[in-house]
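Single-letter residue listing:
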Amino acid sequence: MNSSRTCQRCGVRSQREEMFTSLCLDVFQDATVEQLLQDYQQAVPVDYACRCGSNKSIMASTFHTLPQNLILQLKRFKTATIEKRHDAVHLSPDLQVPTHLSDRFYRLVSIISHSGTTPDSGHYRSFGLHPDQRGGQRWLCYDDNIVSATRGPDVFRGVQETAYVLFYQKQKPR
């Protein structure tokens, strides 16, 4: 990621490149993962003491490169109140990361979901994309010691309000 901070008074800009293995995304009702990533990259006002005396700056993040495996944590808990957010996030098997880079295509390969109202209680389940003997792929649900086959569309609809961590693998450009 490239992070830049720009003073609103004098325009002085500082940049730094940061390596990342995962991103934590704010959730909002009826958003797609692409929209959450766009929101993550939006410029936001920050307090920063510039040499010109101003405390008003703008901070923005953009993708410099993209990893082979992209891990996205959805911020399901409000930190001030430890309240669970059940906002529906629309999932689909393919993700096109909003960036100028050409290698921005990903496939959703695993999901961790959390059912419950607090971080200290509830139940976690995992869903994973698994190749079958015919060369196709199917989704499996891992629920404690029970593993069962399921369909991708059923998974995507079923975890819209409980998806917590999403795992993507980079695909070749189309």
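As the structure is a computational prediction, the values presented were derived from the model and not from experiment. (Residues numbered from 1 in each chain as written. Predicted model: local features only at pLDDT ≥ 70, side-chain atom pairs only at ≥ 80, totals over all residues. Heavy atoms only, no water.)

Asker: Give me the lowdown on the sheet that holds strand 1 (residues 2–7), citing residues and values where you can.
Answerer: If you walk across this open sheet you meet the four strands as 2-1-6-5, and the pairing is antiparallel. In this open sheet, the two strands that pair with only one neighbour each are strand 2 (13–17) and strand 5 (44–47). When the angles between neighbouring strand axes are averaged without regard to direction, this sheet yields 25°. The pairing of strand 1 with strand 2 spans five bridges and is classified as antiparallel. Bridge assignment links asparagine 2 to a residue of strand 2, and that residue is glutamate 17. (Pairing = 2+ DSSP bridges. Helix = DSSP H or I, 4+ residues; strand = E, 2+ residues; numbered from the N terminus. Axes fitted to C-alpha atoms, helices over the stretch in contact; angles between N-to-C directions.)

Asker: Pulling in residues and values, what's your account of the nonpolar core?
Answerer: Membership of the largest hydrophobic core comes to 31 residues, with the highest contact counts inside it found for Leu72, Ile111 and Leu166. Broken down by secondary-structure element, the contributors of at least two residues to this core are strand 3 (22–26), helix 1 (33–40), strand 7 (69–75), strand 12 (105–115), strand 14 (137–143), helix 2 (152–158) and strand 16 (163–170). When near neighbours in sequence (up to four residues on either side) are disregarded, leucine 72 contacts Leu23, Leu25, Val33, Leu37, Leu95, Tyr164, Val165, Leu166 and Tyr168. (Core = buried A, V, L, I, M, F, W, Y, C linked by side-chain atoms within 4.5 Å. Buried < 20%, exposed > 50% of the residue type's maximum accessible area, 1.4 Å probe, protein only. Contact = heavy atoms within 4.5 Å.)

Asker: Explain the side chain of threonine 99 residue by residue, including any values.
Answerer: Of note, threonine 99 is situated in the loop between strand 11 (94–96) and strand 12. For threonine 99, a relative accessible area of 15% puts it in the buried group. Within the structure, threonine 99 has its side chain in polar contact with the backbone nitrogen of leucine 101 (distance 3.4 Å). With residues near it in sequence (within four places) discarded, threonine 99 still touches Phe63, Leu66 and Arg104. (Polar contact = N/O pair within 3.5 Å; in protein donor to acceptor, adjacent residues only side chain to side chain.)

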